[in-house]
Amino acid sequence: MGKRQQHPMNKELEKRSKFFCPAKWTELYLYLNHGNSNSCHHPIPHKVPENMLNDPFVLHNTPHKLEMQQQMLDGIRPKECHMCWHIEDSNPDVISDRLLKSKEWKNEIPYLKIDPHYIPKFIEVVFDNICNLNCSYCDPGQSTQWATKVQKNPLHLETDYRNLYSKIHIKNAVSNNKYVDAWNQWWPVISHEVQTLKISGGEPLVSNNFWNFVDILILDKYPHLNFSINSNFSVDSNFVTKFVNLSDYFKQIKVSASLDAVGPIAEYSRQNLNYELFLDNTYRFLTDSVDNCFYKLQSTVNILNIFGLKDKFQLGIDLRKRYGNKIKSFYTTVVRFPEFQSIKLLPTELQTQLRDELEKWYNENNDWLLNDEKQGVQKIISYLTDSPEFLYNLDKDKLQVDFKKFLLYYNKTSKHQYQDIYPESFLRWIDSIET
């Protein structure tokens with residue numbers, strides 16, 4: 001492709017940049033096991049039409065996504081993006097994910113239009129749901145551990161309108177071959193323009209599909225490509241060493257290590273996590289890797305792990321003190337689905353308590369935080385102060401009942417019991433819920 005001509009952002013595009021999100025174009029989250037696509041982790045992924053796979057660009061430029069792009073270009077806020085609109089409307093001083101993406105992709109904004117052959121600059125792809133954990137906010141579609149659990153003992157909840165915990169919607173450890181074939185056809189066409197390729201799961205480090213794709217990738221070197229993985233890092237250390245050895249083939253490699261708390265709360269909210277193994281693999285990666293290898297912590301904040309969130313933030317600071325620039329900004333997002341695990345379900349006094357504790361920690365450690373990290377912590381504080389309504393009209397009392405049912409169900413397969421690790425204020429609230 002020829003080099004595109006540079007031109008200044010005209011007034012119309014400058015106006016647009018204040019209310020639309022470039023990630024709708026520049027980022028792709030692709031689920032080859034489901035055949036689903038998205039451009040952000042906030043909206044629910046949508047189906048890529050199977051009858052359109054003859055043009056593999058549809059893996060990103062789906063009819064639904066093109067419609068959402070057009071709404072944004074027309075000055076309409078897509079309903080599915082209400083998380084960011086709420087944060088911005090509630091507190092203009094807090095930086096939403098939309099604003100972060102607008103900053104990251106600001107050079108792309110003048111060129112964004114409806115284009116069914118647009119090549120995203122960032123791609124996160126999932127090959128399968130193979131995973132050794134069953135995190136509380138996850139489901140069988142993303143974890144074979146969850147699939148096994150639901151197959152043996154399904155959980156029926158009134159507010160689980162997607163039947164995530166009562167049915168198996170896709171086969172375990174299987175990718176949809178039609179979508180994989182389309183991906184394999186598409187990747188050589190677009191690879192020269194993709195800046196970051198990230199593999200998620202499941203747990204990619206224990207997936208043969210991941211390593212088979214790596215074997216294809218390393219037939220060539222990609223000096224322009226940032227290659228990264230989402231990992232729970234609670235895996236055999238040999239996998240970590242194997243990943244470190246890929247550094248010669250790419251511009252950089254990076255681990256985005258998923259952790260939401262520390263110690264027992266981390267192990268409870270992410271069942272089967274071995275926290276000490278997580279730390280050992282973290283130190284192994286950071287000590288054994290070369291200069292183009294990087295590491296970041298990322299958190300998915302829900303009702304069970306928020307009680308240990310500031311301790312996880314502290315771990316991020318401690319790692320930066322020890323390993324310097326190898327530690328990238330930690331990233332934090334908020335669970336919206338399943339709704340019965342949203343932190344907005346917590347009683348007001350608990351939300352206030354958590355907000356005050358997080359604000360105190362923030363004020364004491366502000367000097368050690370990078371700008372993106374400051375904005376992330378402020379986003380959580382803002383969410384605890386003025387949380388948005390649920391996207392769907394769900395009864396809060398029913399959500400509380402379902403959460404307690406889920407908690408009792410989840411306890412049965414946990415090496416920890418929630419009664420032993422959570423504060424009294426949380427336990428009193430759970431006890432007050434009548435099922």
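Residues numbered from 1 in each chain as written. Predicted model: local features only at pLDDT ≥ 70, side-chain atom pairs only at ≥ 80, totals over all residues. Heavy atoms only, no water.

## Points about the overall build of the chain
Helices and strands together make up the secondary structure of the chain, namely 17 helices and 11 strands. Relative to the compact-globule value of 22 Å for 435 residues, the chain shows a C-alpha radius of gyration of 21 Å, a close match. Once the C-alpha set of the chain is aligned to its principal axes, its extents read approximately 65 × 50 × 50 Å. The buried share among the 435 residues of the chain stands at 60%. In the structure as shown, the chain presents an accessible area of about 19000 Å², 48% of it carried by carbon and sulfur atoms. Taking the average location of the 51 positive side-chain charges in the chain and that of its 53 negative ones, the two points are 3 Å from each other. (Helix = DSSP H or I, 4+ residues; strand = E, 2+ residues; numbered from the N terminus. Rg over C-alpha atoms; globule rule 2.2 N^0.38 Å. Buried < 20%, exposed > 50% of the residue type's maximum accessible area, 1.4 Å probe, protein only. Areas by Shrake-Rupley, 256 points an atom, 1.4 Å probe, with all protein chains shown as cover. Lys, Arg positive; Asp, Glu negative; His and termini not counted. Charge placed at Lys NZ, Arg CZ, Asp CG, Glu CD.)

## So, the pattern of salt bridges
As enumerated under the stated definition, the model contains 14 salt bridges in all. With a shortest N-O distance of 3.0 Å, Glu 158 and Lys 398 are connected by a salt bridge. Of this pair, Glu 158 sits in the loop between helix H6 (144-152) and helix H7 (177-190) while Lys 398 is found in helix H15 (residues 396-411), placing the two residues 240 residues apart along the sequence. Residue Lys 398 is classed as partly exposed on the basis of its relative accessible area, which comes to 38%. Here Arg 355 makes a salt bridge to Asp 356, at a shortest N to O gap of 3.1 Å. (Salt bridge = Lys/Arg side-chain N within 4 Å of Asp/Glu carboxyl O.)

## As for the packing of helix H13 (residues 348-365) against helix H14 (residues 371-385)
As a packed pair, H13 and H14 sit with axes 9 Å apart at the nearest point and diverge in direction by 160 degrees. On the basis of the axis angle, H13 is roughly antiparallel to H14. Crossing angle aside, the handedness with which H13 passes H14 is left-handed. Contacts from Gln 351, Leu 354, Arg 355, Leu 358, Glu 359, Trp 361 and Tyr 362 of H13 reach H14 at Lys 374, Val 377, Gln 378, Ile 380, Ile 381, Tyr 383, Leu 384 and Thr 385. Grouping the constituent residues of the contact of H13 with H14 by class yields nine nonpolar, three polar and three charged. (Axes fitted to C-alpha atoms, helices over the stretch in contact; angles between N-to-C directions. Parallel < 35°, antiparallel > 145°, perpendicular 65-115°, else oblique. Left-handed = near helix turned anticlockwise from the far one by under 90°. Contact = heavy atoms within 4.5 Å. Nonpolar A, V, L, I, M, F, W, Y, C, P; charged D, E, K, R; others polar.)

## What about unusual backbone geometry?
Residues other than glycine predominantly adopt negative phi, and peptide bonds predominantly adopt the trans conformation. Residue Gly 201 is joined to Gly 202 through a cis peptide bond whose omega torsion reads 15 degrees. With respect to the helices, strands and loops of the structure, Gly 202 is situated in the loop between strand E6 (196-200) and helix H8 (208-217). Although it is not a glycine, Asn 163 adopts a positive phi angle of roughly 55 degrees. Asn 163 gets classed as partly exposed once you look at its relative accessible area, which sits at 28%. Unusually for a residue other than glycine, Phe 233 sits at a positive phi of about 55 degrees. Overall, the relative accessible area of 1% leaves Phe 233 in the buried class.

## Observations regarding the packing of H6 against H15
Interhelical geometry of H6 versus H15 gives an angle of 100 degrees and a closest axis separation of 13 Å. Relative to H15, the element H6 is oriented roughly perpendicular. Across from Trp 146, Lys 149 and Val 150 in H6, the residues of H15 making contact are Phe 406, Tyr 409 and Tyr 410. Tallied by class, residues from the contact of H6 with H15 come to five nonpolar, no polar and one charged.

## Focus on the pairing of strand E11 (residues 331-334)
Relative to E11, strand E10 (residues 293-301) runs parallel, the two being bridged by four bridges. Across the sheet, the residue bridging to Thr 300 is Thr 333, located in E11. Tracing the backbone out of E10, into helix H12 (residues 309-323) and back to the parallel element E11 gives a crossover that is right-handed. (Pairing = 2+ DSSP bridges. Right-handed = clockwise from strand over helix to strand, strands pointing away.)

## A short note on the packing of aromatic side chains
Within this structure, the stated rule accounts for 38 aromatic pairs. With a centroid separation of 6.1 Å and an interplanar angle of 15 degrees, the aromatic rings of Tyr 222 and Phe 250 are classed as stacked. With Tyr 222 in strand E7 (residues 222-231) and Phe 250 in strand E8 (residues 250-258), this pair connects stretches of sequence that are 28 residues apart. Take Tyr 222: its relative accessible area is 12%, and that puts it in the buried class. A relative accessible area of 5% places Phe 250 in the buried class. An angle of 20 degrees between the planes, with centres 5.3 Å apart, marks the rings of Phe 406 and Tyr 410 as stacked. (Phe/Tyr/Trp six-rings, centres within 6.5 Å; stacked < 30°, edge-to-face > 60°.)

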